[in-house]
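Each chain, written out:
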Amino acid sequence: MAQPSADESIDGFRARVRTWFAEHVELTGGAGAESFDAVESARRFQAALFDGHLAGLTWPAEYGGQGLTTAHQLAFNEEAEPYVVPTMPLLIGLGMCAPTLLEKGTPEQRDRHLARMLRGDEVWCQLFSEPGAGSDVAGLRTRAVRDGEDWVVNGQKVWTSGAHYSDFGLLLARTNPDVPKHLGLTMFVVDMRAPGVTIRPLRQITGGSGFNEVFFDDVHLPGDAVVGDVDRGWQAAVTTLMNERVSIGAGGGGLGRRLGGGEFAALADVARRRGGLADPVLRQRLASVFVEERLLELLSQRIRADVQAGRTPGPQGSVAKLAGAQLARHAAEVGLDLLGAGGAAWTPDDADAERWTQALLGAPGNAIAGGTPEIMKNILGERVLGLPREPAVDRDVPFRELRVGGGRS
Amino acid sequence: MTMADDLRASVRGLLESAAPEAEVRRIADSPSGFDAGLWGRLTGMGLPGIAVPEEFGGAGAGFAELGVVLEEAGRALLPLPLLSTAVLGAQALLLSGDTEAQATCLPQLAEGRLRVAVGGLGRAACSAVAGPRGWLLDGIVDGVLDGAGADLLLVFATADEGLTLFAVEASAPGLSRTPLRTLDLTRRQARVELHASPATLIGTAGDGDRVAAAVLDRALAAMAAEQVGGAQRVLEMAVEYARTRYQFGRAIGSFQAIKHRCADMLIDVERARVAADAALAAVDAGTPDLPVAARVAGTFCGEAFFLAAAANIQVHGGIGFTWEHPAHLYYRRAKSSQLLFGSPDEHREALMRLWEGSRG
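Residues numbered from 1 in each chain as written. Chains lettered and ligands numbered in written order. Predicted model: local features only at pLDDT ≥ 70, side-chain atom pairs only at ≥ 80, totals over all residues.

(A) Quick peek at the overall build of chain B. Scanning chain B for helices and strands turns up 11 helices and nine strands. Against the globule reference of 21 Å for 360 residues, chain B gives a C-alpha radius of gyration of 21 Å, in line with a compact fold. Along the longest, intermediate and shortest principal axes, the C-alpha atoms of chain B span 80 × 50 × 40 Å. For chain B, the share of sequence-separated contacts (at least 6 apart) that also reach a separation of at least 24 residues comes to 74%. (Helix = DSSP H or I, 4+ residues; strand = E, 2+ residues; numbered from the N terminus. Rg over C-alpha atoms; globule rule 2.2 N^0.38 Å. Contact = placed C-beta atoms within 7 Å.)

Rendered as structure tokens:
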């Protein structure tokens, strides 16, 4: 197959994508994000995509990308719409870690990792949050201390999606506790199989385990593991988090969530089968879900159109993130109320009850991961509306004098 | 700058200079609730006929441009009959298919010389009888937007053939108009009573349900744009106040309780904007999805504006509860707008019916 170029016509490209999907339909299909099977499915799909010159459409060609335009990316997205693309386990790497390396990484880091990430040969995770540093992630306490040319890391991370199947991670650690919190952080590339790295799955309220705790005990990192500059890790982390928000927003409010994920259609189907469609109150609530879902689609379209036109996305990314979490909870509540007592106790073959109880239990997570509504509203209020910040007690204070989390740092 | 940006800048420029709050209040308090001078300036910019085809003397623009104008009008609480004449009146004539009425009325409408009000859009309360000397209308039509000042009334009435659109001259015998007390001080409504009033059939007898439904979709899209303009304005007012009002030694906007309230307004305004834009675009594209897009905009933009207008008063505290402060004018406008073309509950029920209809 010919190497693509930015000159490739959208129509020609579209036909190429359509043919590729038709020929690789066996690689598509649904799978949960939490199992190793899902990772293997993702790797196989991504490798085939890479070999078909369809991975990393807008990435530079020198790192294995295709150097195409966002118009090509949108055409790809439209052609992919009918398929369930099983790449969720790769999204943190491709959507957040890779853009960070592209922007802040050394040439050697980019050469070593980017093409392998793009082919699904390397799966990545992001190691920022800690038990004592959630919303205030710059208050993290994991230490990286120089040891000659190397660094030695000690500490604990938490809420690390996919750590148990990842090959590498982007680690944010404190390298200088004697300066204010944002000024003493450094970002590192860490091999998740390095000695001293211990990964423990964290069981969520859904019963599933998509997240992990990661412990670092005297983990040695080479000097060339630093991403960007020493003590300038916050800037690199901001790059990662901005990409997170764009990818959450453009994806329709949830990582990997398919557009028009069909909450309304699914709820209306339950109502129809279980006889709720005659109830005027339930009809009102169903229609509210319909409206919220439609608004989220429209917001996501607007974000993608902005990206395509080269405009900096406005507040719609944060709005979509909030709206997505709200829709998830709202839909789950309607789902459970439609089931009535059947949503509190059911036989194992009741797929409706399984789906909507899982949705209900998962909904609080949507409102926490990637920035809580409380933090998002601070950002909207301060950065978009220009409202003054709260008086800060932690600015200009050396980190070691701050109270962080449940104890003293 | 796009053409829409240019249009927005010119309309905003005109309204900021010619229709500031004091002028809006003056016009709203005047006996007629109308100002010929300001109306003339709007006409000079071609606004009454902005969405009227060029063959009828209009600007031939689409709803995207009409939406820009109405957003600015909503922002300024412009108390002039744009929604009634430029949207309801023009669209009812255009959608009726009555080329004769269009050729007679639309050029005058576009020139600002014919103010048109539409009655009975939601529920026909009039009956029409075909007599030897033409149609005669009887009944009471409530809530006719700008009905008291209109030169021509378009009325949906029930004939033997079914719902039908008629035109009644303001000077027609048997016609009387009473201004109603209105929640919204900046938009007049009238009760129109018809007693054997002669009327002209517009379009085809019995075609009124189709015309009314099509006008309603466009009215909802247009109203959504107006609501976005009003909601954006109250958000700006609240933010400005929160930045400059100090209590406890801090700008009140630095307190999360206030900041988050403002952020909630922003979230609603951003969503209302995409909903309104989608409805306006659906009109221009003529997509079959228009009724859905219009009801989504109708329910969401109405609620967003009302919640924002209420939040604005709360952010302002006591001063926001005074007659002198403009916050209540928006609060009144917001609730009234939410009810004019159907309540949020009705829009949601309509969405369910549309969904059921689409499933056959």
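Having seen it, we continue.
(B) Representation of the overall build of chain A. Assigned secondary structure in chain A consists of 11 helices and 10 strands. Against the globule reference of 22 Å for 409 residues, chain A gives a C-alpha radius of gyration of 22 Å, in line with a compact fold. Oriented by its inertia axes, the alpha-carbon framework of chain A measures out at about 70 × 55 × 45 Å. A total of 409 residues make up chain A; the buried ones form 43% of that total. Within chain A, residue pairs in contact and separated by at least 24 positions form 71% of the contacts whose partners lie at least 6 positions apart. (Buried ≥ 20, exposed ≤ 12 C-beta atoms within 10 Å, placed from the backbone.)

(C) Structural detail: the packing of helix H1 (residues 3-18) of chain B against helix H4 (residues 63-76) of chain B. Residue and element names in this part refer to chain B. For the pair H1 and H4, the least separation of the axes is 9 Å and the interaxial angle reads 30 degrees. In terms of their interaxial angle, H1 and H4 are classed as roughly parallel. Judged by the sense of rotation from one axis to the other, the crossing of H1 with H4 is right-handed. Facing H1, whose interface residues are Ala4, Leu7, Arg8, Val11, Arg12 and Leu15, H4 presents Ala64, Glu65, Val68, Val69, Glu72 and Ala76. (Axes fitted to C-alpha atoms, helices over the stretch in contact; angles between N-to-C directions. Parallel < 35°, antiparallel > 145°, perpendicular 65-115°, else oblique. Left-handed = near helix turned anticlockwise from the far one by under 90°.)

(D) The arrangement of the interface of chain B and chain A in detail. Taken together, the 28 residues of chain B in the interface contact 30 residues of chain A. Sorting the residues of the side of chain B that touches chain A by element identifies helix H7 (208-244), strand E9 (250-251), helix H8 (256-285), helix H9 (290-316) and helix H11 (344-358) of chain B as the ones contributing at least two each. Among the elements that take part in the side of chain B that touches chain A, H8(B) stands out by supplying 12 residues, more than any other. Classifying every residue of the side of chain B that touches chain A gives 15 nonpolar, five polar and eight charged. (Nonpolar A, V, L, I, M, F, W, Y, C, P; charged D, E, K, R; others polar.)

(E) Focus on the domain arrangement of chain A. One can read the domain layout of chain A as domain 1 (10-86), domain 2 (125-231) and domain 3 (258-371). If you average the C-alpha positions of domain 1 of chain A and of domain 3 of chain A, the two centres end up 26 Å apart. (Domains from an automatic or database assignment.)

(F) Structural view of the domain arrangement of chain B. Residues and elements named next belong to chain B. Partitioning chain B into structural domains gives domain 1 (3-110), domain 2 (116-208) and domain 3 (209-358). The gap between the C-alpha centroids of domain 2 and domain 3 is 29 Å. Counting residues at the interface gives 15 residues for domain 2 and 13 residues for domain 3. The biggest single contributor to the side of domain 2 that touches domain 3 is strand E5 (residues 162-169), with three residues. Of the residues assigned to the side of domain 2 that touches domain 3, the class counts are six nonpolar, six polar and three charged.

(G) Examining the nonpolar core more closely. In terms of nonpolar packing, the biggest core is built from 168 residues, with Phe166(B), Ala275(B), Ala279(B) and Ala297(B) touching the most fellow members. With 20 residues, H7(B) is the largest single contributor of residues to this core. If near-sequence neighbours (up to four positions away) are discounted, Ala275(B) is found in contact with Leu295(A), Leu298(A), Ala224(B), Val296(B), Ala297(B), Phe300(B) and Cys301(B). Grouped together as the second largest cluster of nonpolar side chains are 61 residues, Leu68(A), Met187(A), Val190(A) and Ala236(A) included. (Core = buried A, V, L, I, M, F, W, Y, C linked by C-beta atoms within 7 Å.)

(H) Just H8(B), in detail. All names here are of chain B. End to end, H8 covers 42 Å across 30 residues, agreeing with the expected 44 Å (1.5 Å per residue, within 8%). Burial within H8 is extensive, with 23 of its 30 residues counted as buried. Looking one or two residues beyond H8, the residue adopting positive phi is glycine 286, at roughly 60 degrees. (Expected span 1.5 Å × (residues − 1).)

(I) Region of the structure containing H11(B). Here H11(B) is 15 residues long and its end C-alpha atoms lie 21 Å apart, about the 21 Å a rise of 1.5 Å per residue gives. Buried residues of H11(B): Pro344(B), His347(B), Arg348(B), Ala350(B), Leu351(B) and Met352(B), and no others. In this structure, the buried side of H11(B) is in contact with helix H8 (280-308) of chain A together with H9 and helix H10 (327-340) of chain B.

(J) The arrangement of the environment of Leu101(A) in detail. Mapped onto the elements, Leu101(A) comes out in helix H4 (residues 91-104). Apart from residues lying up to four places away in sequence, Leu101(A) is in contact with Gln109(A), Arg110(A), His113(A), Leu114(A) and Val227(A).

(K) Highlighting the pairing of strand E2 (residues 143-147) of chain A. All names here are of chain A. Taken together, the five bridges between E2 and strand E3 (residues 150-158) define a ladder with antiparallel strand orientation. When the sheet's bridge partners are listed, arginine 146 is paired in E3 with tryptophan 151. Adjacent in sequence and paired antiparallel, E2 and E3 are bridged by two residues, among which glycine 148 carries a positive phi angle near 65 degrees. (Pairing = 2+ DSSP bridges.)

(L) Spotlight on the environment of Arg181(B). Assignment of secondary structure puts Arg181(B) in the loop between strand E6 (175-179) and strand E7 (189-202). Between the C-alpha atom of Arg181(B) and that of Ala150(B), which follows or precedes it by 31 residues, the distance is 17 Å.

(M) Spotlight on the confidence of the model for chain A. Scored by pLDDT, chain A has a mean of 89; 91% of the residues are at 70 or more. The model gives residues 252-260 of chain A a pLDDT under 50, and that stretch makes 30 contacts with residues more than four places away or in other chains. (pLDDT = per-residue confidence, 0-100.)

(N) View of the packing of helix H5 (residues 82-96) of chain B against helix H6 (residues 99-110) of chain B. Residues and elements named next belong to chain B. Remark: H5 packs on H6, axes separated minimally by 10 Å, with the N-to-C direction vectors making an angle of 160 degrees. By the criterion of interaxial angle, the relationship of H5 to H6 is roughly antiparallel. Seen from above, H5 lies across H6 with left-handed handedness. Residues Thr85, Gly89, Ala90, Leu93, Leu94 and Ser96 of H5 touch H6, and the partners they reach there are Ala101, Gln102, Cys105, Leu106 and Leu109. Of the residues assigned to the contact of H5 with H6, the class counts are seven nonpolar, four polar and no charged.

(O) Summary view of the pairing of strand E4 (residues 152-159) of chain B. All names here are of chain B. Extensive coverage of E4 is indicated by the burial of seven of its eight residues. Where strand E1 (residues 116-119) and E4 come together, four bridges link them in parallel fashion. Among the inter-strand pairings, valine 118 is bridged to a residue of E4, identified as leucine 154. The pairing of E4 with E5 spans eight bridges and is antiparallel. Its bridge partner being in E5, alanine 157 is matched across the sheet by threonine 164. Between E4 and E5, which follow one another and run antiparallel, lie two residues.

(P) Structural context of the environment of Ser288(A). Tracing the backbone through its elements, the reader meets Ser288(A) in helix H8. C-alpha of Ser288(A) to C-alpha of Leu90(A): the two residues are 198 residues apart in sequence and 33 Å apart in space.

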